[in-house]
Amino acid sequence: AQSVTQPDARVTVSEGASLQLRCKYSYSGTPYLFWYVQYPRQGLQLLLKYYSGDPVVQGVNGFEAEFIKSNSSFHLRKASVHWSDSAVYFCAVRRTGNYKYVFGAGTRLKVIA
Amino acid sequence: EAAVTQSPRSKVAVTGGKVTLSCHQTNNHDYMYWYRQDTGHGLRLIHYSYVADSTEKGDIPDGYKASRPSQENFSLILELASLSQTAVYFCASSGTGSNSDYTFGSGTRLLVI
């Protein structure tokens, strides 16, 4: 069965520092992978997605992620975080030919001054 | 602008009562979904639908019913609300193929007392 693991429930970083949020998935085929962000009292918004091709995908607001098949990982990165990046970040996987997503438990990011 | 609108934004229900959560999309998407969000569990799929007048069970359907009377509208029904159904509920819609990214509503906070 598919699963997504985000091992860090909470991450705190200083403004201007680099960021990596970890995501590992379990899926036997080639997955479609996503990162979503949820700001307080809002729905989830798509940050970036990987379907195929270049394993490094660029998203909005300077975020990027790298698909590493050998490690079953899809970590999210940002070179320099801003206080407005404080939010909950979800990694998700979708099977090819199936439009249902499986979400990780989320990582709550806090950016401090 | 295409959107997913949920109502109500929040609700307090009594145990054993009936609750209906509504979702309306203007994306012209075929698929609609209901997820619940609990701390530590991320989002879990309750029901989904890929065509009007048809619904499918997701991963945690027990205690919930769904109704899709039209392409635009998708309701989640709790016939006998229970304390364990206190959560935030998200509706989402998606197309197919290259248009299969999810668009989420802002969520409904349900408190069952």
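Heads up: the structure comes first, above all this text.
From a predicted model like this one, the values you see are computed outputs, not experimental measurements. (Residues numbered from 1 in each chain as written. Chains lettered and ligands numbered in written order. Predicted model: local features only at pLDDT ≥ 70, side-chain atom pairs only at ≥ 80, totals over all residues. Heavy atoms only, no water.)

**Student:** So what's going on with unusual backbone geometry? Residues and values would help.
**Tutor:** Put simply, Ser 7 of chain B and Pro 8 of chain B share a cis peptide bond, and its omega is -5°. With respect to the helices, strands and loops of the structure, Pro 8 of chain B is situated in the loop between strand 1 (4–7) and strand 2 (10–13). The backbone of Arg 41 of chain A sits at a positive phi, close to 60°, despite the residue not being glycine. For Arg 41 of chain A, the location among the structural elements is in the loop between strand 5 (32–38) and strand 6 (44–50). Positioned with a positive phi, Asp 53 of chain B is a non-glycine residue whose angle comes to about 70°. Examined against the element boundaries, Asp 53 of chain B turns out to sit in the loop between strand 5 (42–51) and strand 6 (54–57). (Helix = DSSP H or I, 4+ residues; strand = E, 2+ residues; numbered from the N terminus.)

**Student:** Describe in detail the interface of chain B and chain A, supporting the description with residues and values.
**Tutor:** Residue-level contacts link 23 residues of chain B with 18 residues of chain A. Ranking the residues of chain B by area buried against chain A places Asp 101, Tyr 102 and Phe 104 of chain B at the top, with a combined share of 29%. Connecting chain B to chain A are one salt bridge. Put simply, Lys 49 of chain A and Asp 101 of chain B hold a salt bridge, and the shortest N to O gap is 2.6 Å. (Contact = heavy atoms within 4.5 Å. Buried area = accessible area lost by both parts, 1.4 Å probe. Salt bridge = Lys/Arg side-chain N within 4 Å of Asp/Glu carboxyl O.)

**Student:** I'd like a description of the state of the cysteines, backed by residues and values.
**Tutor:** Applying the stated rule across the entire model yields two disulfides over all chains. Bridging Cys 23 of chain A to Cys 91 of chain A, the disulfide has an S-S length of 2.0 Å. With the S-S dihedral at roughly -65°, the linkage between Cys 23 of chain A and Cys 91 of chain A falls on the left-handed side. Separated by 68 residues along the polypeptide, Cys 23 of chain A in the loop between strand 3 (19–21) and strand 4 (24–26) and Cys 91 of chain A in strand 10 (residues 87–94) bring together distant segments of the chain. The exposure class of Cys 23 of chain A is buried, given its relative accessible area of 0%. Classification of Cys 91 of chain A by relative accessible area gives buried; the value is 0%. Bridging Cys 23 of chain B to Cys 91 of chain B, the disulfide has an S-S length of 1.9 Å. Because the torsion about its S-S bond is -80°, the bridge between Cys 23 of chain B and Cys 91 of chain B counts as left-handed. Of this pair, Cys 23 of chain B sits in strand 3 (residues 19–25) while Cys 91 of chain B sits in strand 9 (residues 87–94), and the two are 68 residues apart along the sequence. For the pair Cys 23 of chain B and Cys 91 of chain B, a shared accessibility class is recorded, and that class is buried. (Disulfide = S-S within 2.5 Å. Buried < 20%, exposed > 50% of the residue type's maximum accessible area, 1.4 Å probe, protein only.)

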